[in-house]
Amino acid sequence: MFDNFVVPNLLPAAPELFLAAMALIILLVDLVVKDSRRTVTFTLTQIALVGCAAIQFYTSTGEVVYTFSNMFVDDLMSDLLKLFLYMTMIIVLFYSRGYVLDREAMNKGEYYVLALFATLGMMVMISANHFVTIYMGLELLSLSLYAMVAMNRDSVVSTEAAMKYFVLGALASGLLLYGMSMIYGATGTLEITGVAEKLYGGGANKTLLVFGLVFLVSGLAFKLGVVPFHMWVPDVYHGAPTSVTLLIGSAPKLAAFAIVMRLLVNGLITMAADWQNMLIILSVLSMAVGNLAAIAQTNLKRMLAYSAISHMGFMLLGITTGVVSGDARYALNAYSSAMFYVIAYVLMTTGSFGMILMMSRAGFEADNIEDFKGLNKRSPWFAGIMLMLMFSMAGVPFFIGFFAKFSVLQAVVAAGYMWLAIVAVLFSLIGAFYYLRVVKVMYFDAPVDDSPLTASTDMRLLISANGLAVAILGMFPQVIMSLCAYALLRSL
Amino acid sequence: MSNYPLISLAIWTPILAGLVVLATGTDRNAPLARMLALAGAILGLLVTIPLWTGFDVAQGGMQFVELKTWIPRFNINYHLGVDGISMLFVLLNSFITIIVVLAGWEVIQQKVAQYNAAFLIMSGLMNGIFTSLDGILFYVFFEASLIPMYLIIGVWGGPNRVYAAFKFFLYTLFGSLLFLLALMYLFIQSGGSFSILEWHKLPIALGAQIWIFLAFLIAFAVKVPMWPVHTWLPDAHVEAPTGGSIVLAAIALKLGAYGFLRFSLPIVPDASHELSGLVIALSLIAVVYIGFVALVQTDMKKLVAYSSIAHMGFVTLGFFMFSAMGIEGALIQMLSHGFVSGAMFFCIGVMYDRVHSRQIADYGGVVNTMPKFAALFMLFSMANAGLPATSGFVGEFMVILAAVKFNFWVAFAAATSLIVGAAYTLWMYKRVIFGDVANHHVAELSDINNREFLILGVLAVCTLWMGLYPQPFTEVMHASVNDLLRHVATSKIQ
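Residues numbered from 1 in each chain as written. Chains lettered and ligands numbered in written order. Predicted model: local features only at pLDDT ≥ 70, side-chain atom pairs only at ≥ 80, totals over all residues. Heavy atoms only, no water.

**Let's talk about the overall build of chain B**
The following threshold applies: Here a strand is any run of E in DSSP of at least two residues, a helix any run of H or I of at least four, and the numbering for each starts at the N terminus. All radius of gyration figures rest on C-alpha atoms, and the globule criterion is 2.2 Å times the number of residues raised to 0.38. Think of it in three bands: with a 1.4 Å probe and only protein chains considered, a residue is buried below 20% of the maximum accessible area for its type, exposed above 50%, and partly exposed in between. In this analysis, two residues are considered to be in contact whenever any of their non-hydrogen atoms come within 4.5 Å of each other. Where accessible areas are quoted, they stem from the Shrake-Rupley method and a 1.4 Å probe; at the residue level, only the protein chains shown are allowed to cover.
Within chain B, the regular secondary structure consists of 22 helices and two strands. Taking 494 residues into account, the globule formula puts the C-alpha radius of gyration at 23 Å, and chain B, at 21 Å, falls close to it. C-alpha extents for chain B along the principal axes are approximately 70 × 55 × 40 Å. For chain B, the residues scored as buried account for 66% of the 494 residues in total. In chain B, once contacts between residues fewer than 6 apart in sequence are set aside, the share between residues at least 24 apart is 81%. Per element, the accessible surface of chain B, about 15900 Å² overall, is 67% carbon and sulfur.

Structure, rendered in structure tokens:
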């Protein structure tokens, strides 16, 4: 019965296997750790992530390697995205630590274990070459996040957010699966590279494919949180405990970018003309709704949620311009711009939510824009850090956000979509308004409470480093830009 | 000398000085912050002086060129250089920075370190704008300079500062975003280069030239500002602290005008010719209509702000007649306006610090209590009105002379502004300075102190020097302006 069973090549999936093992070990170790000594769990979690990064780094060959019967792929794009993923998770957990310690319901080992499982889910998504693998990774991520949102179980808002997230997330998963099944029906394979080959050969039922594509794109749009599938984003960002919002708002964007690349670019590139038009609509709507709705917000987390919607819309612009009337000459430029955009965005958003976490104390969330009033008086240094983050988000140089916008825009212009570039630029002008308002509150207004900040030293150091990275990488964006371009060159 | 990266020094010295000043922290160290800021500003000026002394006036091209790769992924370079057009503005900017630091010496008591740091950093960024030879480098400096100005208006400004700061930022951002798209289009057209000098040689079809010109026009017109996109300027000026007004008027407005010479004219010469009528019309509206608007202002700062718009109208008018006389006149006008409007805003600041009002109606008979001040203010008012022997006259005269050759009616309209300009400036002067002592505030005024006298004295010397002997300034520009004109005269349509 097992005659033709071959042990698959485990090396490409070594980080995933390591992390899965570590997550289980930490879950066991945590059983014997008292609440007061949760640092042990925290440290082990960080070690696991650093270990993953090391394994990733040393097992990377730079070649495209398939394993587990072509269900799993390890290429340079996934290596790079995963390295940024580990880095983001390490930072996210550092930022969360003080917040979690102050809140009893959240100071549990599960918090860290769920975060690790979410990471594992994202890693699987990034490396998926099979519809089922994508779905598995996505559900592992989503289920961990649903639980984390609800972790502060005495909070009505959090519970409501978790319910919303769960119901809508399940719906989105359903759409995605439905789309996948239709594409399976048309091509007879679930393997992404297989789908691409089949479509290249021609002869597949076009109607079925387009229907499948619509569902697929809708499902992806849900996960990316772009209009008109964005309803969950503000509520979940707002309702979730800030440390979980930070997690939801940062690393999963990397994974979402990866599955968009895997499904649409690796799998369905021959249908680019169809999905690019869908993405253009999603993107323009997201920039419009995201930027306009953000203006009306008084809650910083909600504002950043709408800003996330608009940023994801902007990122999609890069993906929409890869193929111009059948000509894939611009593909590398366009996709690497979008990848750079995502990485830059994750860096900025981590810092912004980190600032909210740093300002909050036990019993005080600091998630209203008003809570930042007069920050320049209380702490000029951190006001400066937040200023850099906000201007970077608005796309003002010398910060990395400018070059992120720049690289996507030049891809759009190069592809000949001048009108799209003008639309994007006008909406980022509108967007600048609400980022400026945060700066205004910090610098122009008098503080409401004069108490100095109480955050711990490591938090202060890390958030300073995060803010400075936004500025320094803004002055020297070449490194990450060329890394993205190189990784995609070797992977596509 | 030219082996040293002089231009980099001119850019980064003030910025580093600004960061050092920022590091002094809270207002307990305010005296230290002021001293450091002054030292940084003086050092900033000193490093720019070799640019003038080492400048070869016979050469029209770029000098002191620095070229390093910055972002090879998009072929963006750290490419700097000055020619006869930009060199003087670097000096003017570095000089005005000293004035600004001194102007805030006693007045600014809140967040002193941040105030001075903002100005120093902005000074460096603006030197970067004037010397960038790479489109994206230019854009980066151009945009980044909005941040310190936004903070200056918003933190140290008047009662309506928040509105003014937002208006300033969003207006200018709007202009520059379309400019960015034009840069990207040129990048694609030129086969992947952001070098401004290469764009000068790039052939472009007329249709595309027109679009690029319009994108440039929006960006620079907002910055100049030209009618009808000028409305941010009076608000920004009125609300900004004195130092902010000085920098805005003396330097920031020049950035837009400079952009026309560096981008619009040489990159899209055919469109510039094609649409020169539009720009000339807008300029004349600014000169004449805004002149009348200035006449009815009751707020002194607003009045000078409107007069700035009118004066900048002369500048754009001079550019788009495509003659050496017109362009050189416009450049002289820009420099002169840098000194004169800076001085005017400082004079208003002097009175505001004492009376806390900018309304003309709250003054009268100031000469009785502040004779020294009145004398200097007189000089600058005359210069603002374009009286011969002051710097204000030289530029306007040259532009009008060029206009006479170009078209009599244009010259006629432009010349009326001399009358209107004299009217609004001198009428304001009369109402504020002469007459009986209006109220007890004026009666209690004390004359300018040594610091204020020093600032106004230095500016007065500059104003008179440019008015009586403009030769050293025009000499520097000559070769570059001729180069530019030769370039503009050649069609790029193939």
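**What about the pairing of strand 1 (residues 63-71) of chain B?**
Residue and element names in this part refer to chain B. This is how the line gets drawn: We call two strands paired when DSSP finds no fewer than two bridges between them.
Sheet analysis places strand 1 next to strand 2 (residues 76-82), joined by six bridges and oriented antiparallel. Bridge pairing links Ile71 to Ile76 in strand 2. Hairpin connection of strand 1 to strand 2: four residues between the antiparallel strands, including Asn75 at a positive phi of 55°.

**Let's talk about the packing of aromatic side chains**
Rules: Ring pairs shown here join Phe, Tyr and Trp side chains whose ring centres sit within 6.5 Å, with only the six-membered ring taken for Trp; geometry is labelled stacked below 30 degrees between planes, edge-to-face above 60, and tilted in between. Two thresholds decide whether a charge sits over a ring: the Lys NZ or Arg CZ must be within 6 Å of the ring centre and within 35 degrees of the ring normal.
With the rule as written, the count across this model stands at 63 aromatic pairs over all chains. When the ring of Tyr150 of chain B is compared with that of Phe169 of chain B, the centres are 5.4 Å apart and the planes differ by 70°; the resulting orientation is edge-to-face. Placement of Tyr150 of chain B in helix 6 (residues 146-156) and of Phe169 of chain B in helix 7 (residues 161-189) is noted, with a sequence separation of 19 residues between them. The burial state of Tyr150 of chain B is the same as that of Phe169 of chain B; both residues are buried. Their ring planes at 85° and their centres at 6.0 Å tell us that Phe213 of chain B and Phe320 of chain B sit as a pair that is edge-to-face. Residue Phe213 of chain B is found in helix 9 (residues 206-223), and its partner Phe320 of chain B is found in the loop between helix 14 (300-319) and helix 15 (324-355); the two are separated by 107 residues along the sequence. The cationic tip of Lys405 of chain A hangs over the ring face of Phe314 of chain A; the distance from NZ or CZ to the ring centre is 5.1 Å.

**Structural notes on the interface of chain B and chain A**
What counts here: When a carboxyl oxygen of Asp or Glu lies within 4 Å of a side-chain nitrogen of Lys or Arg, that pair is called a salt bridge. N or O atoms within 3.5 Å of each other form a polar contact, as long as, within protein, one can give a hydrogen and the other can take it, and as long as residues adjacent in sequence are counted only when both atoms are side-chain atoms.
Of the residues lining the interface, 38 residues belong to chain B; the matching set on chain A comes to 42 residues. In this structure, the connection of chain B to chain A is made through zero salt bridges. Counting across the chain B and chain A interface gives seven residue pairs in polar contact (both at pLDDT 80 or more). When contributions to the side of chain B that touches chain A are tallied by element, the ones reaching two or more residues are strand 1, helix 4 (112-131), helix 5 (135-144), helix 6 and helix 7 of chain B.

**What to know about empty space enclosed by the protein**
All names here are of chain A. Inclusion rule: Any residue with an atom within 4 Å of a point lines the site, the site being either a cavity, points on a 1 Å grid over the protein atoms alone where a 1.4 Å probe fits but cannot get out, or a pocket, an open set with protein on both sides within 12 Å along at least 5 of 7 lines. Grid points are joined across faces, edges and corners, and a volume is the space filled by probe spheres set on the points. Residues are sorted three ways: Asp, Glu, Lys and Arg are charged, Ala, Val, Leu, Ile, Met, Phe, Trp, Tyr, Cys and Pro are nonpolar, and all the rest, Gly among them, are polar.
Counted according to the given criterion, the structure contains ten cavities of 30 Å³ or more. Each pocket or cavity is described by its volume, and for the largest cavity that value is around 210 Å³. What lines the largest cavity is a set of 17 residues, among which Tyr165, Phe222, Lys223, Trp232 and Pro252 lie closest to the centre. Among the residues making up the lining of the largest cavity, the classes are represented as 13 nonpolar, two polar and two charged.

**Quick notes on the pattern of salt bridges**
Close approach of charged atoms allows side chains with opposite charge to pair. Residues and elements named next belong to chain A. Under the criterion given, the structure shown has 17 salt bridges over all chains. Ionic pairing is found between Lys164 and Asp235, a salt bridge with its closest N-O pair at 3.0 Å. Separated by 71 residues along the polypeptide, Lys164 in helix 6 (residues 156-187) and Asp235 in helix 9 (residues 232-239) bring together distant segments of the chain. Here the salt bridges share partners, and the residues they tie into one network are Glu160, Lys164, Asp235 and Arg302.

**With respect to helix 7 of chain B**
Rules: Here the expected span of a helix is defined as 1.5 Å times the quantity of residues minus one.
The end-to-end C-alpha distance of helix 7 of chain B, which contains 29 residues, comes to 42 Å, matching closely the 42 Å that a straight helix rising 1.5 Å per residue would cover. Where helix 7 of chain B ends, the next residue or the one after it, Gly191 of chain B, has phi of about 70°, a positive value.

**Comments concerning the packing of helix 11 (residues 242-267) of chain B against helix 14 of chain B**
Residue and element names in this part refer to chain B. Rule in force here: Only the stretch in contact is used when a helix axis is fitted, and all axes are lines through C-alpha atoms; the angle between N-to-C directions ranges over 0 to 180 degrees. By definition in this entry, angles of less than 35 degrees are roughly parallel, angles greater than 145 are roughly antiparallel, angles of 65 to 115 are roughly perpendicular, and the rest are oblique. Crossing handedness: left-handed means the near helix sits turned counterclockwise from the far one by under a right angle, and right-handed means the same turn made clockwise.
One can describe the packing of helix 11 onto helix 14 by two numbers: an axis separation of 11 Å at closest approach and a directional angle of 15°. Judged by the angle between their axes, helix 11 and helix 14 are roughly parallel. At the point where helix 11 passes helix 14, the crossing takes the right-handed sense. Counting all contacts with helix 11, which are made through Thr242, Ser245, Ala249, Leu253, Lys254, Ala257, Phe260, Leu261 and Leu265, the residues of helix 14 involved are Lys301, Ser308, Met312, Val315, Thr316 and Phe319.

**Quick notes on the side chain of Ser417 of chain B**
Residues and elements named next belong to chain B. Of note, Ser417 is situated in helix 19 (residues 408-433). Overall, the relative accessible area of 10% leaves Ser417 in the buried class. Among the polar contacts listed, one links the side chain of Ser417 to the backbone oxygen of Ala414, at a separation of 2.7 Å. Residues contacting Ser417, with those up to four places away along its chain left out, are Val287, Phe314 and Ala422.

**A few points about helix 17 (residues 371-385) of chain B**
Residue and element names in this part refer to chain B. With 15 residues, helix 17 extends 21 Å between its outermost C-alpha atoms, agreeing within 8% with the 21 Å of an ideal straight helix rising 1.5 Å per residue. Burial in helix 17 covers these residues: Phe373, Ala374, Leu376, Phe377, Leu379, Phe380, Ser381, Ala383, Asn384 and Ala385. Those residues of helix 17 that are buried are in contact with helix 14, helix 15, helix 16 (366-369), helix 18 (391-406), helix 19 and helix 21 (450-468).

**A few points about the nonpolar core**
Just so we agree on the cut-off: As used in this record, nonpolar core signifies buried Ala, Val, Leu, Ile, Met, Phe, Trp, Tyr and Cys residues forming a set joined through side-chain atoms within 4.5 Å.
Judged by nonpolar contacts, the single largest core of 400 residues is most densely connected at Trp275 of chain A together with Phe216 and Phe373 of chain B. Of the residues forming this core, the biggest block, 20 residues, is contributed by helix 14 (residues 331-359) of chain A.

**Let's talk about a nonpolar patch on the surface**
All names here are of chain A. The cut-off we apply is this: Like charges are joined within 9 Å and nonpolar side chains (Val, Leu, Ile, Met, Phe, Trp, Tyr) within 5 Å, but only among residues with over 30% relative accessible area and no salt bridge; these make up the patches.
Together, Trp381, Leu468, Ile472, Met475 and Phe476 give the surface a local cluster of nonpolar side chains, amounting to about 490 Å² of exposed area. Looking at the nonpolar patch element by element, the count peaks at three residues for helix 19 (residues 457-475). For Met475, the position within the fold is in helix 19.

**Brief notes about the side chain of Ser145 of chain B**
Residues and elements named next belong to chain B. On the secondary structure map, Ser145 appears in the loop between helix 5 and helix 6. A residue is classified by how much of its surface remains accessible, and Ser145, at 4% relative accessible area, is buried. When sequence neighbours within four positions are dropped, the list of residues in contact with Ser145 reads Met122, Leu125, Met126, Ile129 and Lys223.

**Points about unusual backbone geometry**
Residue Pro228 of chain A is reached from Val227 of chain A by a cis peptide bond, and omega for that bond is 5°. Along the polypeptide, Pro228 of chain A turns up in the loop between helix 8 (206-224) and helix 9. In this model, Trp227 of chain B is joined to Pro228 of chain B through a cis peptide bond whose omega is 5°. Looking at the element boundaries, Pro228 of chain B is found in the loop between helix 9 and helix 10 (232-239). Phi at Asn70 of chain A takes a positive value of approximately 65°, unusual for a residue other than glycine. Mapped onto the elements, Asn70 of chain A comes out in the loop between strand 1 (65-67) and strand 2 (72-74). With relative accessibility at 31%, the residue Asn70 of chain A sits in the partly exposed group. One non-glycine residue, Phe322 of chain B, adopts positive backbone phi at about 55°. Within the secondary structure layout, Phe322 of chain B lies in the loop between helix 14 and helix 15.

**Description of the layout of surface pockets**
Each pocket or cavity is described by its volume, and for the largest pocket that value is around 1300 Å³. Lining the largest pocket are 38 residues, and of these Gly384 and Leu387 of chain A together with Leu19, Leu22 and Ile121 of chain B lie nearest its centre. Mapped onto the lining of the largest pocket, the elements with two or more residues apiece are helix 15 (375-378), helix 16 (380-394) and helix 19 of chain A together with helix 1 (6-23), helix 4 and helix 6 of chain B. Each residue belonging to the lining of the largest pocket can be placed in one class, and the counts come to 29 nonpolar, six polar and three charged.

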